[in-house]
Structures are given as C-alpha cells and as structure tokens.
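Tertiary structure, described
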Amino acid sequence: MTVTSRIMRWLPEPTSGDSEAIRRPPDELDLAELVRLSRFDWDAGNLRRLASAAGYWRNRPDGQDLLRSARLQGVRVVLISNATAKHLVEPLIGSGIRHGLLIEVMVVEYGDPQAAVERETAAIAAFQPDIVVAALDTHGFALSESLGDAAGAAETVEREISRLAILRQQLSRTIGVPVILHTIAANSEASRLHVDASIEGSYRRLVAFLNVRIGELARESGDLVLDIASLAENVGLRSWFSARYWAMAKYPFAPDMVPLYTDQLAKLIALRFGKSKRVLVLDLDNTLWGGIVGDDGKESLVLGPGSPAGEAHAALQQMAKTLRRRGIVLCVSSKNEESVALDAFRTHPEMVLTEEDIAVFQINWQDKAANLSTLAKKLDLGLDSFVFVDDNPAERARVRFALTDVAVPELPRDVTEWLPVLQAANYFETTGFTREDRERSDYYRANIKRAAQLEKLGGYGDYLESLAMEMELKPFDVVGRKRIAQLIAKSNQFNLTTRRYSESEVAALEADPTVSTFQARLKDVFGDNGMISVIIARHASAALEIDTWLMSCRVLGRSIPEALLNRLVEEALRLGKPSIRGSYVPSAKNMMVADHYKNLGFDLVATESNGVTWWELPVRSHQPKPSPIKISEERTLAAPQRENVDG
Amino acid sequence: MPGNDDFLTRLEAIFRAELDDPALRISQSSTPDDVEGWDSLATIRIVAAVEREFDCQFDAADIENIHSVSDISRLIASYS
C-alpha cells in the first residue's frame, strides 16, 4: 500500500513483524500484545483477526479478569441497518480494541428498520444492549426530487425525519439506551449537475437539509451522530461508495471503507463510556515551529507567512488554539533549555499560541514518556485522554511503546500535510458542547496555580479557607441537563457506581418525585469551576439511597464530599428517612472512592461477592463538620413533599 | 500464475482469513458445498480480498457466477 492511498494516515503502518504477530494463533497473542497491535492501520481482514483473538480471551474462564487487566471495557452494541451489516461486525470488534472496548454486536439488518425493530424487540431486549447504532444509509431514505418546489422539498425532508424520529421513539420506548444516528452521504448515482446547487428540491439540497435535521434531532434527543457525510466527503464519494458492491451485496459503502467506518464508530461508542481525549501535548522544535531553537536561535525559526513550512507550523498552532476553545487542555513537551525555548515561545512575533494557552510547559531533557506520566498525574487525567504530537518518529515510537494508552498520531514527513491528517482522525470528539467545555482549559490552568499556592501556605485548612469556595446547589434542571449528562457519561474515577444515564434519562429524573437530585457548581478565588458534582438519591422505604455520586477530579481534596454529605443529611431528615444508604461498585477506574463512605463516617453493612460494598449512616446521630465551603441553594417549589413532619 | 502452487497458497490464505479458519485447505475443485462457512456473503468478502491481493476488479455479473475456487482462478487469469 503506498503512503498516499492510505485513508487513516494518523495510524502507524504495521511493520512486517507486526503483520506476522497478528497472524499468530489467538492463544499466542496475549491481550497486551493485542492492544498494542490494535493501534496500527489494518485492513478489514486483519481487524477480523484481532476480533477472533479477543473472542478467544473473552471466552476463557478467567476472561473477565484478563479483560479488566487489559483495561478493555465490555460493551454490547445493536447495529441496525437498512443495508447489509454482518460484514461490519468483526472489523468493529477489532477497531473497538483500539478504543479500549471489547464489543459484542447484535445485527438487525436488511430491510425497513422500523419493522425490524418492532419484530425483534424481544430479542434486542434480551441481548441487553448498552448502545444502539441506527445505521441508516443513503438508501434508507426516500428523497425524491421536487424540483423548484420549496414547500414540497421541506415536506419530503420532514417526512423522512419523522420516520427516523419514530425509529428513535421505538428504541427509547422498548430499550431505552443511548443511540448513535448517522448522517448520509449523497448517493453517487444521483444527479450532480452544477445547477442542482441552486434549485429548490434538488436531490443534493434534500440531502443537505436532511443532514441538518438529523443533527437537530440528535441535539434534541441527546444522541450522538456519526457524520457519514463528513467521512464520505473527506475520502471522496468515488471512494466511499461502491455501486458494484451495493448491487451485489447491498454493502452501504465500499469494502475498503470498512476500517474507517468501524474506527470512527468505535470512537463514538467509547465516548459514551467516558473515554475521550482531553489533552493535546505538543512538541516545540519542528512541530510548533520549524527549526531547532537551541541550535538555530529564535531569529532563524521558520514560522508564519513567507514560507510554506512556516505557514504550516502557524496553522498547526491555530488548530491547537481552536481546540483550546473547545475545552482541550494544551501542554508543551520539549527537549530544550527551558529559558531559551520559553523566550522564543513568549516573544517570537509570529507565535499564534500564547503562554496563557498552555496549561503546563515541560521543557527539559528527560524522557518524554516519563514526562507524560508526570503530566497525567499533575492534571489528574488518565493517559488514555492524551494525544501527543511530535515531528520526531523516534519520540513517537518511544511514547507509543512505553505508554500504549496515549494516542500518538503518525505524521507525514512534510509539515504542510499534517493538518488534514490530524483533522481526519477526529481525536477530540465530544458528546456535545457546553459552556464548561469552553472554559475547561482555564480550570486546569487555575488548578496548577492553586497547587502552587498550597506549597506557599501553611496548614491545609488554611488553604481551603483561603480559596473562599462557594458552592451553588440545585436540583437537576433543563439548564444543567447537558452538562449533567456529560458528567454522568464521562466521570470514571470519582464515581461510586459508574451508572451511565443518557440525556433523556437525566431529563426524566428532573420531574421524578421519588428522587432527590443535586447538581453542584463551585466558585473560588481563582474563578468558576463550573459543575463539579452530581448526586442522585432515591427515596427508598427506610433510607435515602444514593444511586449516583460523582465528582470532577479537578476538585479532589477540597472537602466537597463532606459539604455535600451535610446537605444529604438535611435531605434525609426532611424526608423523614432515618438513614442514608450508599454503595460502592468497583470498576477498573474508581479505586479512589473505595473508602469514600468509610471516610464520611458510614458503617459497612454488607459486602457482595462481586466486591460491591453497602454503607449506612444513621442521620440523627450525624454531627455535621464545619465546612470551608459556603453553600447557596435555590430550592424549587417542585421539590418532593415531606413524608412526615419532623426534623 | 493461476494454476501453480504459489497462486493457490495466496488464494488459500484469503479463504483462511475470510472464513476465519487458519487450518482450511482448498483446491481448485473446492465449492461452497464442501467448504464450511462459504456462503454468498462470504463470496463477496473473498472477492473483495482477491481484488485487493491481485489488484484487479471483476464485473458484478461474473461474481454472480462464482461457484468454485477454479471459477475465481479463471476470473483472476482473465483480468490480470
């Protein structure tokens, strides 16, 4: 395969050793090796090999433990297609490993999806899916042209959208799990006259409108969208579709596109399970600028207008700056003399990025893999949320080898070709866009400042007092809904039960009188931390039972659980519940909260064989501890009625 | 060249990968009836892999008429 014909150029090409390794029988391919191999650019056939090896390990008696130690999350996916989909199953499983998932797939294919779902409802429910993919392709929509007729065109699009909405309804009524919708690529067999761009009701305009409406449907329902139109546009419709394979086997897209489709789909599924990229680590020399600042001097750096490479380096900086506005944390990792490199960063007139844009500079002569590990601790984020961009193939290989969790894009030799490759990878996919996204990188910067202040101050209590923290508490509401759903989808570490609720389920909780919900926002002297904690507490018969308690790790060690417990005690008393009950459900990532309830003074009342522990706190004897946090609360009239009058 | 051992080995590798059977043996006379898992969708997958491996492209009408390994061999010969 020549370099230019590869579609997923951000993935490294397998060496001949890797190609031999993937052909070994499954029992000779341990899971760590399987995970390492999954990072390469494989064709569908080799993705199938990955899938069958993964299946071998899962089916062993100790399979679940092995998968956990390889940090693979089990996920059950229902793939609904109006076309053929069976050939996508194994490549999807293989691609899933690349994104930290071990996927099981149930296919509902070929024909009218609404009817198929109606028919297969019981089977789908029995499969207990975690997520449903409604993979309707261009052939699944009836977009007949109504040339020159704007009203007719609108009617056609709305009719097709309402059919998709019906499918969506069927799914939420019968299975009630998150859904991934697809936009569609314009069928390459349809008219593509230039004049169609200006004629109301032309096929191409119908497709464009339909895709806009699919995006809106997803926004309203809280679903994710796999933007097929964008994928097809990027590779070109001529490559995306194969009329021959559609005719022969009803393949929704060409066989060569399967690895791209399954990679992007697996990425979206992973996103639903809290696996997303949040940190971009950038090298300096020959990455953010051309040349080596320590050798060539600041004056000779290639950056900005006047040379193709200079413009390309500036464009990369611009891309990073744009990502920062989407809430991505930017860091610099460079082997340099710190003073020299920082001086260039601060004062070179063509710099697009400013010091303010960067959360952490790591400019030293240490091993970059070691530096990245330190950085992960500093930011309190997992290495699997890191993307590392470096022009040096040796550094890339080093980081890939030492830290398999870090995404390390392969880059073309020529810097002018970098951006299309980086953009096509869609590393920084998110479930939506919220105000917190825009401000998140500021939080991390502020956090580093807070840690610095801690070093200067004396006692920890003094430090907490000095932060002048104010917590705003509210029950779930429409305004907070998106962010609440995002926290529920993404929080892995400080999350007692790791129960995932979709946006529509969160919406349902807002009006549920048998549940007390809390969303907490935190401000301090450094700024607004945004929403930092979410609690769902159910009114059980003899206790207030905590279903979900999660917190952003940015605010660890700030006495926030203690402050919230005081409020929960108040809530239990108000409802006439003698105790608060909570459970800890161990996952691969939430060890940090194993002792959460113990630390809060709860008694251990039960331990289940699967490691789940149950805790109780009698509320009458609870002595609230003084908290450094000032709580302000809007209590709405819709709050649940007290059951008996006391407390 | 179609007919020699190396050629059959390449085809066999494709069949093994697409039918997920690392020990599968095929001969020119193998048909869907005597190779486990070789159904019509498997034919499509095998054809896609053959087209990649031998850098050629068959007509849809010809693919419909594939009923044995030798049919595939003949097609490769006629297109390369």
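If you're wondering where the values come from, they're calculated on a predicted model, not measured in any experiment.

The subject of this paragraph is the overall build of chain A. Helix and strand counts for chain A stand at 24 helices and 17 strands. Computed over C-alpha atoms, the radius of gyration of chain A comes to 26 Å, within 12% of the 26 Å expected from 2.2 N^0.38 for 647 residues, which places it in the range of a compact globule. For chain A, the spread of C-alpha atoms along the principal axes amounts to about 75 × 70 × 60 Å. Within the span of chain A, comprising 647 residues, buried residues form 54% of the whole. Of the contacts formed within chain A by residues at least 6 apart in sequence, a portion of 73% connects residues at least 24 apart. Carbon and sulfur atoms make up 52% of the accessible area of chain A, which totals about 27300 Å². Positive and negative side-chain charges in chain A, numbering 77 and 87 respectively, have mean positions lying 2 Å apart.

We now examine the domain arrangement of chain A. Residues and elements named next belong to chain A. When the domains of chain A are assigned, the result is domain 1 (72-272), domain 2 (279-425) and domain 3 (458-633). Each of domain 1 and domain 3 was reduced to a C-alpha centroid, and the two centroids are 38 Å apart. Every contact between the two is made by 7 residues of domain 1 and, on the other side, 6 residues of domain 3. The contact between domain 1 and domain 3 buries some 480 Å² in all, and 41% of this surface belongs to carbon and sulfur atoms. Where domain 1 packs against domain 3, one counts 0 salt bridges.

Glancing now at the sheet that holds strand E4 (residues 179-182) of chain A. All names here are of chain A. With respect to topology, 5 strands assemble into an open sheet ordered E2-E1-E3-E4-E5, the strand pairing being parallel. Both edges of this open sheet fall to strand E2 (101-108) and strand E5 (224-226), since each of them pairs with a single strand only. Sheet twist, expressed as the average angle between the axes of neighbouring strands with direction ignored, equals 25°. Sheet analysis places strand E1 (residues 73-81) next to strand E3 (residues 131-135), joined by 5 bridges and oriented parallel. Each bridged residue has a counterpart across the sheet, and for leucine 79 the counterpart in E3 is valine 133. The strands touched by helix H12 (residues 258-272) are E1, E2, E3, E4 and E5; relative to E5, the strand with the most contacts, the crossing angle is about 170°.

The subject of this paragraph is the packing of helix H1 (residues 5-18) of chain B against helix H4 (residues 69-79) of chain B. Residue and element names in this part refer to chain B. Running from N to C, H1 and H4 cross one another at 120°; their axes reach a closest spacing of 12 Å. Relative to H4, the element H1 lies oblique. Crossing handedness for the pair H1 and H4: right-handed. On H4, the residues that touch Phe7, Leu8, Leu11 and Phe15 of H1 are Val69, Ile72, Ser73 and Ile76.

Moving on, we get to the interface of chain B and chain A. Taken together, the contact pairs 15 residues of chain B with 15 residues of chain A. Roughly 1300 Å² of surface becomes buried between chain B and chain A when both sides are summed, with 54% attributable to carbon and sulfur atoms. Considering only the side of chain B, the residues that lose the most area to chain A are Leu41(B), Ile44(B) and Arg52(B), jointly responsible for 39% of the buried surface there. Counting across the chain B and chain A interface gives 3 salt bridges. A salt bridge links Arg48(A) to Glu18(B), with the shortest nitrogen-to-oxygen separation between them at 3.9 Å. Where chain B meets chain A, there are 6 residue pairs in polar contact (both at pLDDT 80 or more). Elements with a minimum of two residues in the side of chain B that touches chain A: H1, helix H2 (40-54) and helix H3 (60-64) of chain B. Ranked by residues supplied to the side of chain B that touches chain A, first place goes to H2(B) with 7 residues. Of the residues contributing to the side of chain B that touches chain A, the split by class is 9 nonpolar, 1 polar and 5 charged.

Right, let's talk about the confidence of the model for chain A for a bit. Residues of chain A with pLDDT of at least 70 account for 93%, and the chain-wide mean is 89. For the stretch residues 637-647 of chain A, pLDDT sits under 50, and the model shows 16 contacts to residues farther than four places along the chain or on other chains.

Before going further, it helps to spend a moment on the sheet that holds strand E15 (residues 603-607) of chain A. Residues and elements named next belong to chain A. The mixed open sheet is built from 8 strands, whose spatial order is E15-E16-E14-E13-E12-E11-E10-E17. Both outer strands of the open sheet, E15 and strand E17 (630-633), are each paired with one neighbouring strand and no more. For this sheet, the mean inter-axis angle between neighbouring strands, taken without regard to orientation, is 30°. Relative to strand E12 (residues 527-539), strand E11 (residues 515-524) runs antiparallel, the two sharing 9 bridges.

Take the pairing of strand E8 (residues 358-364) of chain A next. Across the 7 residues that make up E8(A), a large majority, 7, are buried. For the crossover from strand E7 (residues 329-335) of chain A across helix H15 (residues 338-347) of chain A to E8(A), the handedness is right-handed.

With that settled, the discussion passes to H4(B). Listed as buried for H4(B) are Val69(B), Asp71(B), Ile72(B), Ser73(B), Leu75(B) and Ile76(B). The inward-facing, buried residues of H4(B) contact H1, H2 and H3 of chain B.

So, about the packing of helix H2 (residues 31-38) of chain A against helix H5 (residues 89-98) of chain A. Residue and element names in this part refer to chain A. Two elements in contact, H2 and H5, have axes separated by 7 Å at closest approach and are oriented at 95°. As the angle between them shows, H2 and H5 are arranged roughly perpendicular. Touching Leu34, Val35 and Ser38 of H2 are Gly94, Ile97 and Arg98, all from H5. In the contact of H2 with H5, the residues fall into 3 nonpolar, 2 polar and 1 charged.

Residue and element names in this part refer to chain A. One finds Trp240, Tyr261, Ile269, Leu280 and Phe345 to be the most contacted residues of the largest nonpolar core, which totals 130 residues. In terms of residue count, the dominant contributor to this core is H12 (9 residues). A domain split of this core shows at least three residues from each of domain 1 (72-272) and domain 2 (279-425). Beyond its immediate chain neighbours, meaning those up to four positions away, tryptophan 240 contacts Ala185, Ile228, Leu231, Ala232, Val235, Pro252, Phe253, Ala254, Met257, Leu260 and Tyr261. Listed in part, the 37 residues of the second largest apolar core include Trp549, Leu564, Leu617 and Val619.

Turning our attention to H1(B). When the terminal C-alpha atoms of H1(B) are compared, their 20 Å separation across 14 residues agrees well with the 20 Å that a helix rising 1.5 Å per residue should span. Buried within H1(B) are the following residues: Phe7(B), Leu11(B), Glu12(B), Ile14(B), Phe15(B), Ala17(B) and Glu18(B). Packing partners of the buried residues in H1(B) comprise helix H3 (44-58) of chain A together with H2 and H4 of chain B. Where H1(B) ends, the next residue or the one after it, Asp20(B), has phi of about 55°, a positive value.

Definitions and cut-offs
- Residues numbered from 1 in each chain as written.
- Chains lettered and ligands numbered in written order.
- Predicted model: local features only at pLDDT ≥ 70, side-chain atom pairs only at ≥ 80, totals over all residues.
- Heavy atoms only, no water.
- Helix = DSSP H or I, 4+ residues; strand = E, 2+ residues; numbered from the N terminus.
- Rg over C-alpha atoms; globule rule 2.2 N^0.38 Å.
- Buried < 20%, exposed > 50% of the residue type's maximum accessible area, 1.4 Å probe, protein only.
- Contact = heavy atoms within 4.5 Å.
- Areas by Shrake-Rupley, 256 points an atom, 1.4 Å probe, with all protein chains shown as cover.
- Lys, Arg positive; Asp, Glu negative; His and termini not counted.
- Charge placed at Lys NZ, Arg CZ, Asp CG, Glu CD.
- Domains from an automatic or database assignment.
- Buried area = accessible area lost by both parts, 1.4 Å probe.
- Salt bridge = Lys/Arg side-chain N within 4 Å of Asp/Glu carboxyl O.
- Pairing = 2+ DSSP bridges.
- Axes fitted to C-alpha atoms, helices over the stretch in contact; angles between N-to-C directions.
- Parallel < 35°, antiparallel > 145°, perpendicular 65-115°, else oblique.
- Left-handed = near helix turned anticlockwise from the far one by under 90°.
- Polar contact = N/O pair within 3.5 Å; in protein donor to acceptor, adjacent residues only side chain to side chain.
- Nonpolar A, V, L, I, M, F, W, Y, C, P; charged D, E, K, R; others polar.
- pLDDT = per-residue confidence, 0-100.
- Right-handed = clockwise from strand over helix to strand, strands pointing away.
- Core = buried A, V, L, I, M, F, W, Y, C linked by side-chain atoms within 4.5 Å.
- Expected span 1.5 Å × (residues − 1).

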